Structures are given as C-alpha cells and as structure tokens.
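Now for the letters of each chain:
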Amino acid sequence: MNIQSLLATRTKGLASSPIRKLVPLMRKPGMISLGGGYPNPDTFAFQSLDVTYKSGRTDTITETAMDMACQYGPTDCHIPLKPLLQAWHRHKDGIDLAGDQMQVLNGSQEGLHIMAYLFLEPGDAVAVSEPAYPGALGAFRAFSNTFISFPLDAHGTVTTELEKILEDHRSRNLPMPKFIYEVPNGHNPGGVALSLDRRKHLLEIARSFDLLILEDDPYQLVQLDDRPPIPSLQSLDTDNRVVRLDSFSKIFAPGLRIGYASGPAEVIRMFQLYKQGTNLHTSAMVQSLLQSYLTQHEPSDFMDLIRSNCALYRANRDAMVDAAREFLPDNVRFNVPNEGMFIWFEFDRAYDTTRMIDTDSIDLGVLLVPGGAFSATGGLSNCMRASFSMVPPDKIREGMKRLGEMVRRESARHN
Ligand SMILES: Cc1ncc(COP(=O)(O)O)c(C=O)c1O
C-alpha cells in the first residue's frame, strides 16, 4: 500500500536528526567519538541498582549496563533490549520482527498519539468501535474529530456492518478512514475479543478498501480462561498493513511506561522521526529494567507468571459476573469477558448512567464510568463500564450490590 500518500502534511518536514544518526556508530569498537553532546558517564549519579523480582530472582544493574541505562541511547530501542523484545514477540506471536520494524514507546498510548500525528489532518476520519477506548479517542481528537463508528457484539467488531458502512461511504464519495482502530482482545470497554473469522474478515476489508489497521492490544495476554490468545491481526496479515501496539502495562508495570510499536518499516521509520523530535527515546533506565527482567525470565517463564497473575483477574471476573446476575435486573445486558479487565453494562434506553452516577455514586459508595465517555458520537448514555481489576471478590460483590441499588433508584425515577 502507498503509505506516503496517507501521511499528514505536517510529516513532510520530518527528517532524521544528523546527531541521532551518529548514535549507533558511536558504539562501534575503536571509534573515537568527538560527535554527540553526551555527558561523560563518570558524572552520572548512579553506581548500581539491585532489583528483586517477585519471582524470587534478583539482578544488579551496574558498570557498563548502568552507564548505558543513564546515557542517551538509540531512538528505536535500547541496544541490549532489542534481541530480547524480538525473542518475546516471536515467542508470543510467532512473528520475526526485523530490526527496523519496531519502535519502543512510552506505553502504547504514545503509539496512539503518534499514529494520529502521522496520519490525521483536521477532518480526516478514523474507523473506531462504538464504544471505544477514550484514550484513543482523545489521542485522535487532538488532530481530527471525525470518526466512522462501527458496532461491537459478543465476538468483537461486527465486521459485516463495518464493511457495509465503508461501502456506503465509498459509494457516496465520503472520505474513507485513514485507518481502522481495533482493540482485538479484552476490548476496553466492551470486554470482548474479535473472533478468528472476523480477524480474517477485517483484514480482507482493509485489503479491499486499501486501509491501514491500528491493532492496539494491551490485553492480549490477560487471558481469564487460561486459553492461548487468538492469533494477532499482525500475524494473520499478508500484505503489511497492520501497525501493532504492544504494551507491558497490563503484564509488567504500567508506571514504567513501556510498550512498542511494530509493523511496516516505512511506518516505523516515521515513528522514529517523531520520537527524535519529541523525547529522543524512551527512558534508557526503564528499558534497562525491562532488559533485566527479560534476561532473568525467559519468554516461557514470563508467560507462566502472566498466566498465574491472570488467576487473580479470573476470580474477580467471576465474582463480578455472579454478582451482576444476582443483583442486577434481567434487562441489563452484558457479555462475560474472556480477556481484559472490564464488563460493559447496557441498560434500557431510558436509563441515564451519567445521572445515575452523578446522583448516587457518592451516597452509595460505588464508582463506575458512564458510557458517554466511550462514545465518539455523543451516545451510549444508557451504558456503563465496570472494572474488576483492582478490588478483591468480596468488595466486587458489595460494589455490584450497590450498583443494583443505583439501578433500582434510576428505575424508580422513571415510574
Ligand atoms: C485499549 C487501550 N489502549 C491503550 C492503553 C494505554 O496503555 P499504555 O499504558 O501501554 O499506554 C490502554 C490503557 O488502559 C487501553 O485500555
């Protein structure tokens, strides 16, 4: 596909920094660098860092590794982290990423922003689910507030509907989206996963309309029923049109702010040019911590730790589902999630979840997010998102009981 023709005009001036280009060369053995304006490592404040992981393993970041953690580094990836990330991606998704196909990010949120920066002119559209992750809507809205919304059901994006909507746009000569934004596993807030058949259909749709797909997949490994994830869109893609965002937030530590983009080298190169002009690279210290962890934990060990952590989320999910069945009226619709951290509740049309939460959440002592926050079109006022990640099962049960009372109060307002 012709990526260049999709790029926003603001990207035309993006050029590689002449100093950044020197970075890989400066580390060549025998090279005497009088180039970059790097501070001398002798002046760095850190001597060493001892890390103890909950797995019981320990590590010390010291000497050259500490100097590298404190120093400026390459834009795309901390040098010793790159092969570890490539091995992780191969283990997890069965994909071999070339060196120029990945860019480490300050969390996948940065990737959402960069995609919008690179591709969206004011008025350009993005195809997004209704409901959608508000962080993505916010990132896209900074550049364009035009969305083409498609519905979700228990199997994720209703691809037949998306196809019809895009056909309709094309036949009426309306602008086509610059990309399709898809959260394929444990959708936030929908709590659903895109089925394998629909993944294949989505890729066919992208091919027939010649569109990029942005695959934002932070919940891929938050599998609540101990099943292997459905193959990623990137792994099913045969014509290089998927830009994928992986995040370590939900499986490692969100405060570290680390994730990575992978995909067509041409797009990843643009990600790098963007990073060069904004933050040069993701913190080398943070990347060193991930490097240390991935050195101490083989991909299969890491996967086992993630699976055992998912047991906690499974118990929480089960508590929320059981309590929803016990305390909510039968006309409240929801899907039981197999991945992720959320359940999306849909009430009858007359319910106003913003009013419910504004009026009663403090009094009842239970917090949820009203559906409107997840709408690109100002809808979903009869929906709300509940998260089961943070509180233990007994509190989840009590919270759902309180939600039941909130619902009772709202229905009393209608009668
Ligand atoms: C769908 C989705 N995308 C992206 C993010 C941001 O993740 P990160 O912490 O990697 O920036 C989140 C966080 O909740 C999310 O739910």
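These numbers were taken from a predicted model, which means no experiment stands behind them.

Chemist: Please explain the overall build of the chain as it appears in this structure.
Modeler: Helix and strand counts for the chain come out as 13 helices and 13 strands. Radius of gyration (C-alpha) of the chain: 23 Å, near the 22 Å computed for a compact globule of 415 residues. Seen through its principal axes, the chain has C-alpha atoms that stretch 80 × 55 × 35 Å. Counting all 415 residues of the chain, 52% fall into the buried class. Taking the intrachain contacts of the chain between residues at least 6 apart in sequence as the baseline, contacts between residues at least 24 apart amount to 73%. Roughly 18200 Å² of accessible area belongs to the chain as shown, and the carbon and sulfur atoms make up 52% of that amount. On the chain, the mean spot of the 42 positive side-chain charges and the mean spot of the 49 negative ones are 2 Å from each other.

Chemist: Help me understand unusual backbone geometry, please; the structure alone is not making it clear to me.
Modeler: Trans is the prevailing form of peptide bonds, just as negative phi is the prevailing case for residues other than glycine. In this model, Glu130 is joined to Pro131 through a cis peptide bond whose omega is 10 degrees. With respect to the helices and strands, the residue Pro131 is situated in the loop between strand 4 (125–130) and helix 5 (134–141). Note the cis peptide between Asn188 and Pro189, where omega equals 15 degrees. As for its placement among the helices and strands, Pro189 is situated in the loop between strand 7 (177–182) and helix 7 (196–209).

Chemist: Honestly, a nonpolar patch on the surface in this entry has me stumped. Any pointers?
Modeler: A grouping of Ile19, Leu22, Leu25 and Met31 is seen on the molecular surface, where their side chains present a nonpolar patch of about 350 Å² in accessible area. With respect to the element layout, Leu25 can be found in helix 1 (residues 23–26). Owing to a relative accessible area of 43%, Leu25 belongs among the partly exposed residues under this scheme.

Chemist: Teacher, can you tell me more about the packing of aromatic side chains here?
Modeler: For any two aromatic rings, the description comes down to two numbers: the centre-to-centre distance and the angle of the planes. Within the structure shown, the criterion is met by 19 aromatic pairs. Ring geometry for Phe252 versus Phe302: centroids 6.4 Å apart, planes at 70 degrees, classification edge-to-face. Placement of the pair is Phe252 in the loop between strand 9 (242–247) and strand 10 (259–262) and Phe302 in helix 11 (residues 299–327), with a sequence separation of 50 residues. Overall, the relative accessible area of 1% leaves Phe302 in the buried class. Seen in terms of ring centroids, Trp344 and Phe374 are 5.4 Å apart; in terms of plane orientation they differ by 85 degrees. Their pairing is edge-to-face.

Chemist: In this structure, what is going on with the site of the ligand? I would like to understand it.
Modeler: Around the ligand, 14 residues are found, and the nearest of them are Asp216, Tyr219, Ser247, Ser249 and Arg257. One of the backbone N or O atoms of Ser108 is found 2.8 Å from an oxygen atom in the ligand. Within the contact set of the ligand, an oxygen atom lies 2.6 Å away from a side-chain nitrogen or oxygen of Tyr219. Computed on the free molecule, the ligand has an accessible area of 400 Å², of which 91% lies beneath the protein chains in the complex. For the shell around the ligand, the class distribution of residues is 5 nonpolar, 6 polar and 3 charged.

Chemist: Looking at this model, I keep getting lost on the pairing of strand 11 (residues 342–346). Mind explaining?
Modeler: Walk down a regular strand and you will see the side chains alternate between the two sheet faces. Across the 5 residues of strand 11, 4 count as buried, placing the element largely inside the fold. Where strand 11 meets strand 13 (residues 383–387), 5 bridges bridge the pair, whose relative direction is antiparallel. Bridge pairing links Phe345 to Met384 in strand 13.

Chemist: Just checking my understanding: could you explain the nonpolar core for this structure?
Modeler: The nonpolar side chains of a soluble globular protein tend to be buried with one another. Ranked by internal contacts, the top residues of the largest apolar core, which has 58 residues, are Leu85, Trp88, Phe248, Phe345, Met384 and Met400. No other element matches the 10 residues that helix 11 contributes to this core. Listed in part, the 36 residues of the second largest apolar core include Leu112, Phe179, Tyr181 and Ala376.

Chemist: Would you explain the sheet that holds strand 10 in this entry?
Modeler: Within a sheet, adjacent strands bond to each other through the backbone by hydrogen bonds, running parallel or antiparallel. In spatial order, the strands read 3-10-9-8-7-4-5-6; together these 8 strands make up an open sheet with mixed pairing. On the outer flanks of this sheet lie strand 3 (102–105) and strand 6 (156–157), each paired with one strand and no other. The pairing of strand 8 (residues 212–216) with strand 9 spans 4 bridges and is parallel. What sits directly across from Asp216, in strand 9, is Leu245. The strands touched by helix 9 (residues 265–278) are strand 3, strand 9 and strand 10; relative to strand 3, the strand with the most contacts, the crossing angle is about 35 degrees.

Chemist: Whenever I open this one, the pattern of salt bridges confuses me. Can you help?
Modeler: Inspection of the entire model under this criterion finds 31 salt bridges. The residue Glu161 makes a salt bridge to Lys164 at a minimum N-O spacing of 3.2 Å. In this pair, Glu161 and Lys164 both sit in helix 6 (residues 159–171), 3 residues apart, roughly one turn of the helix.

Chemist: Quick question: what am I supposed to make of the packing of helix 3 (residues 81–93) against helix 10 (residues 284–296) here?
Modeler: Axis angle and axis distance: for two packed helices, these are the angle between their axes and the distance between the axes, and together they describe the pair. With their axes 9 Å apart at the nearest point, helix 3 and helix 10 run at an angle of 55 degrees to one another. One element, helix 3, and the other, helix 10, form an angle in the oblique class. The two elements helix 3 and helix 10 meet at a crossing, and its hand is left-handed. Of the residues in helix 10, those touching helix 3 at Leu81, Leu84 and Leu85 are Gln287, Leu290, Gln291, Leu294 and Thr295.

So, how was this worked out
Residues numbered from 1 in each chain as written. Predicted model: local features only at pLDDT ≥ 70, side-chain atom pairs only at ≥ 80, totals over all residues. Heavy atoms only, no water. Helix = DSSP H or I, 4+ residues; strand = E, 2+ residues; numbered from the N terminus. Rg over C-alpha atoms; globule rule 2.2 N^0.38 Å. Buried < 20%, exposed > 50% of the residue type's maximum accessible area, 1.4 Å probe, protein only. Contact = heavy atoms within 4.5 Å. Areas by Shrake-Rupley, 256 points an atom, 1.4 Å probe, with all protein chains shown as cover. Lys, Arg positive; Asp, Glu negative; His and termini not counted. Charge placed at Lys NZ, Arg CZ, Asp CG, Glu CD. Patch = residues over 30% accessible without salt bridge, like charges linked within 9 Å, V, L, I, M, F, W, Y side chains within 5 Å. Salt bridge = Lys/Arg side-chain N within 4 Å of Asp/Glu carboxyl O. Phe/Tyr/Trp six-rings, centres within 6.5 Å; stacked < 30°, edge-to-face > 60°. Near = heavy atom within 4 Å. Polar contact = N/O pair within 3.5 Å; in protein donor to acceptor, adjacent residues only side chain to side chain. Nonpolar A, V, L, I, M, F, W, Y, C, P; charged D, E, K, R; others polar. Pairing = 2+ DSSP bridges. Core = buried A, V, L, I, M, F, W, Y, C linked by side-chain atoms within 4.5 Å. Axes fitted to C-alpha atoms, helices over the stretch in contact; angles between N-to-C directions. Parallel < 35°, antiparallel > 145°, perpendicular 65-115°, else oblique. Left-handed = near helix turned anticlockwise from the far one by under 90°.

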